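What the coordinates show
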Amino acid sequence: MAKTGTFTYSLRPKCRAADAVALLSDFSRHAEVHPLIVKVTEVPPVRGAVRSFVINDRLTIGPVGFTTSYTADVMTVTDDEVVTVARQRPGTTLHNHTRLFPEPDGTVRIEVTITLTAPTLLFGYAFKQARTAHHALAERLQNVLES
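As a starting point, this report considers the structure included with it. (Residues numbered from 1 in each chain as written. Predicted model: local features only at pLDDT ≥ 70, side-chain atom pairs only at ≥ 80, totals over all residues. Heavy atoms only, no water.)

Some thoughts on the nonpolar core
Counting 35 residues, the largest nonpolar core has Tyr 9, Ala 20, Leu 24, Ile 55, Leu 100, Ile 110 and Leu 141 as its most contacted members. Counting residues per element, the ones that place at least two in this core are β1 (2-11), α1 (17-24), β3 (51-61), β4 (64-77), β5 (81-88), β6 (92-102), β7 (108-119) and α2 (120-146). Among the elements that line this core, the one with the most residues is α2, at 8 residues. Once residues within four sequence positions are removed from consideration, Ile 55 is found in contact with Phe 27, Ile 37, Lys 39, Val 40, Thr 68, Ser 69, Tyr 70 and Ala 72. (Core = buried A, V, L, I, M, F, W, Y, C linked by side-chain atoms within 4.5 Å. Buried < 20%, exposed > 50% of the residue type's maximum accessible area, 1.4 Å probe, protein only. Helix = DSSP H or I, 4+ residues; strand = E, 2+ residues; numbered from the N terminus. Contact = heavy atoms within 4.5 Å.)

Below you can see the structure in the form of C-alpha cells.
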C-alpha cells in the first residue's frame, strides 16, 4: 500500500528567469545547493525525459547515517516551467512541478509543488526528509541565484 502527500514552497530571488530555469533543470549543479545530495552522475535520458541523472543522498535515521541512490529525470523545461520526477526503490516517487513568474521589480517568483508517493511504512520518514530538504534547498537557491 502506498501513501501520497503534497507540499509547496516559493521563493523570490532577484535574478533572470533563464538563470533560475538553468539551475533548476540541471541536477549536476544541485550538489552545491541541495542539503542531502553528495554525488550526481548524468546518464543517458530515459524515454520521454530531457535529461536523466543518478543521485546519491546522505541520510540519517537517529544516529545511523547511510547513503542512498535514486534516478531523477527532467521531463519538461520551458521558459517558465520545470518538471522533474525522482524514483527510488521501493516504490517511492517524488514529482516536482516548478513554475516561474518574472516580476516587474526584477525578481522571479518561483512556486514549487512537490508530490511524494511512498510505501505507507516509509512515507512518514520520506515525506519529512523531502519537506525539510526542499525548504533548506529554497534558502540556498535564493542565495545562489542572487549571487
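Describing the pairing of β5
Here β4 pairs with β5 via 6 bridges, running antiparallel. Looking at the pairing, Val 74 lines up with Thr 84 of β5. Between β4 and β5, which pair antiparallel and follow one another directly, the connecting turn spans 3 residues. Across 8 bridges, β5 lies against β6 in antiparallel orientation. What sits directly across from Val 85, in β6, is His 95. Turn length for the β5-β6 hairpin, with the two strands adjacent in sequence and antiparallel, is 3 residues, and the turn residue Gly 91 shows positive phi of about 65 degrees. (Pairing = 2+ DSSP bridges.)

Observations regarding the sheet that holds β4
Strand order across the open sheet formed by 7 strands is β1-β7-β6-β5-β4-β3-β2, with antiparallel pairing between neighbours. Two strands lie at the open edges of the sheet, namely β1 and β2 (37-43), each paired on one side alone. Each adjacent strand pair in this sheet contributes to an overall mean axis angle of 20 degrees, direction not counted. Alignment of β6 against β7, held across 10 bridges, turns out to be antiparallel. Within the sheet, the bridge partner assigned to Arg 99 lies in β7 and is Glu 111. Packed on one face of the sheet, α1 meets β4, β5, β6 and β7 and runs near 170 degrees to β6. This element, α2, spans β1, β3, β4, β6 and β7 of the sheet and lies at about 15 degrees to β1. (Axes fitted to C-alpha atoms, helices over the stretch in contact; angles between N-to-C directions.)

So, the pattern of salt bridges
Scanning the entire structure with this criterion turns up 9 salt bridges. Between Arg 12 and Asp 105 there is a salt bridge; the shortest N-O distance is 3.7 Å. Here Arg 12 is found in the loop between β1 and α1, whereas its partner Asp 105 is found in the loop between β6 and β7, with 93 residues between them in sequence. For Arg 12, a relative accessible area of 40% gives the class partly exposed. Given a relative accessible area of 43%, Asp 105 falls into the partly exposed group. (Salt bridge = Lys/Arg side-chain N within 4 Å of Asp/Glu carboxyl O.)

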